[in-house]
Amino acid sequence: MRDLSEFLLDLIVRHGAWSGPIVGALAFLESLVIIGLFVPAIASMIAIGGLIGAGIVDPAPVLIFAITGAILGDWVSYLLGQSMGSAVYRHRWLRAHRLAFARARLFFRRYGFVSILLGRFLGPIRSTIPVVAGVLKMPRGVFQGANILSAVIWVPALLAPGYFAGARAADLGIRAEYIMPIAIALCVLPFLGGWVILRLFSKPRRRPAARMHRRLS
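Since the model is a prediction, treat every value here as computed from it, not as a measurement.

Engineer: Explain the packing of aromatic side chains here, please?
Structural biologist: The description of two aromatic rings rests on the distance between their centres and on the angle between their planes. On inspection of all chains with the given rule, the structure shows five aromatic pairs. A centroid spacing of 5.3 Å and a plane angle of 10 degrees characterise the contact between Trp-75 and Tyr-78, whose relative ring orientation is stacked. One end of the pair, Trp-75, and the other, Tyr-78, are both in helix α4 (residues 59-84), three residues apart, so they sit about a helical turn from each other. Looking at Tyr-78, the relative accessible area reads 0%, which means it is buried. Arranged with centres 4.3 Å apart and planes meeting at 15 degrees, the rings of Tyr-78 and Phe-143 form a pair that is stacked. Highlighted residues: Tyr-78 in helix α4 and Phe-143 in helix α8 (residues 140-172), separated in sequence by 65 residues. Taken individually, Tyr-78 and Phe-143 each receive the classification buried, so the pair is uniform in this respect. Cluster of aromatic residues (ring-pair linked, three or more members): Trp-75, Tyr-78 and Phe-143. In this structure, Arg-105 is placed above the aromatic ring of Tyr-89, and the distance from its NZ or CZ to the ring centre is 4.8 Å.

Here it is in structure tokens:
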């Protein structure tokens, strides 16, 4: 993963004009069902934010392509769930991830529209929540509204830590190749925060009847 991230970062540094399409492809793959678990898009995008902050990469194409890729990735995953229905959980390529789908179903049933907004930021369900939304027949317009809004927030949120680190690195005269280790360190924070939030939001709710029974007993 790290070798691939470093390769992509070096490619962007050498061929800045391709930064937009490269980041767009990363964001698209990151948002695809299950595939997103194996694509180092988060660390790479944080690092690219560092290059933007250092003045090496133009931010406009990166933002446009990344947001578009993120929207399309979730949309493809949603359409897959909508077309296959619950059979998608039993597909030979996906059945090993039943636990991830179970968590995503619980999260979606409980929070609906908000689950699409938050799901993109939560590593354990990021690549499964759009499929679940499709399987459970969430209206397309509602899904796309949440999908677009979450992508517009998600991309700048990933680029921001690297941007500020890169801007600071430029002020201090730190070379571009050292931005990647900083980005990987910063990458731990979204994963840790997502894990904590998912644990808090996924706690089963006690039913009122169960609580009343406990009080009477």
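Engineer: How should I be thinking about helix α5 (residues 98-111) in this particular structure?
Structural biologist: One full turn of an α-helix is made of 3.6 residues, so residues set three or four places apart face in the same direction. Over its 14 residues, α5 extends 20 Å from the first C-alpha to the last, a length consistent with the 20 Å expected when each residue adds 1.5 Å. Taken together, the buried positions of α5 are occupied by Ala-100, Phe-101, Ala-104, Phe-107 and Phe-108. Buried positions in α5, seen along its axis, are confined to an arc of 130 degrees and lie on one side of it. Across from the buried face of α5, at angles greater than 90 degrees, the exposed residues are Arg-98, Leu-99 and Arg-109. Residue Gly-112 follows α5 closely and has a positive phi angle near 50 degrees.

Engineer: Before we go on, may I ask you to explain the confidence of the model for the protein chain in this structure?
Structural biologist: Caution applies to low-pLDDT regions: their predicted coordinates should not be interpreted in detail. Per-residue pLDDT for the protein chain has a mean of 77; in total, 70% of the residues score no lower than 70. Across the protein chain, element-level confidence peaks in helix α7 (residues 129-135) with a mean pLDDT of 93 and bottoms out in helix α10 (residues 208-216) with 50.

Engineer: How should I be thinking about a positive patch on the surface in this particular structure?
Structural biologist: Together, Arg-90, Arg-92, Arg-95 and Arg-98 make up a region of like positive charge exposed at the surface. Here Arg-92 lies in the loop between α4 and α5. Take Arg-92: its relative accessible area is 61%, and that puts it in the exposed class.

Engineer: Whenever I open this one, helix α2 (residues 19-31) confuses me. Can you help?
Structural biologist: Taking 1.5 Å per residue, 13 residues should reach 18 Å; α2 reaches 18 Å between its end C-alpha atoms and fits that length. When we look at burial in α2, the residues that qualify are Ser-19, Gly-20, Ile-22, Val-23, Gly-24, Leu-26, Ala-27, Glu-30 and Ser-31.

Engineer: Any chance you could explain the environment of Ala-66 here in plain terms?
Structural biologist: On the secondary structure map, Ala-66 appears in helix α4. Exposure remark for Ala-66: the relative accessible area of 0% places this residue in the buried category. Setting aside chain neighbours within four positions, we find Ala-66 in contact with Val-23, Gly-24, Ala-27, Met-45 and Val-155.

Reading the values: rules and limits
Residues numbered from 1 in each chain as written. Predicted model: local features only at pLDDT ≥ 70, side-chain atom pairs only at ≥ 80, totals over all residues. Heavy atoms only, no water. Phe/Tyr/Trp six-rings, centres within 6.5 Å; stacked < 30°, edge-to-face > 60°. Helix = DSSP H or I, 4+ residues; strand = E, 2+ residues; numbered from the N terminus. Buried < 20%, exposed > 50% of the residue type's maximum accessible area, 1.4 Å probe, protein only. Lys NZ or Arg CZ within 6 Å of the ring centre and 35° of its normal. Expected span 1.5 Å × (residues − 1). Arc of directions from axis to C-beta. pLDDT = per-residue confidence, 0-100. Patch = residues over 30% accessible without salt bridge, like charges linked within 9 Å, V, L, I, M, F, W, Y side chains within 5 Å. Areas by Shrake-Rupley, 256 points an atom, 1.4 Å probe, with all protein chains shown as cover. Salt bridge = Lys/Arg side-chain N within 4 Å of Asp/Glu carboxyl O. Lys, Arg positive; Asp, Glu negative; His and termini not counted. Charge placed at Lys NZ, Arg CZ, Asp CG, Glu CD. Contact = heavy atoms within 4.5 Å.

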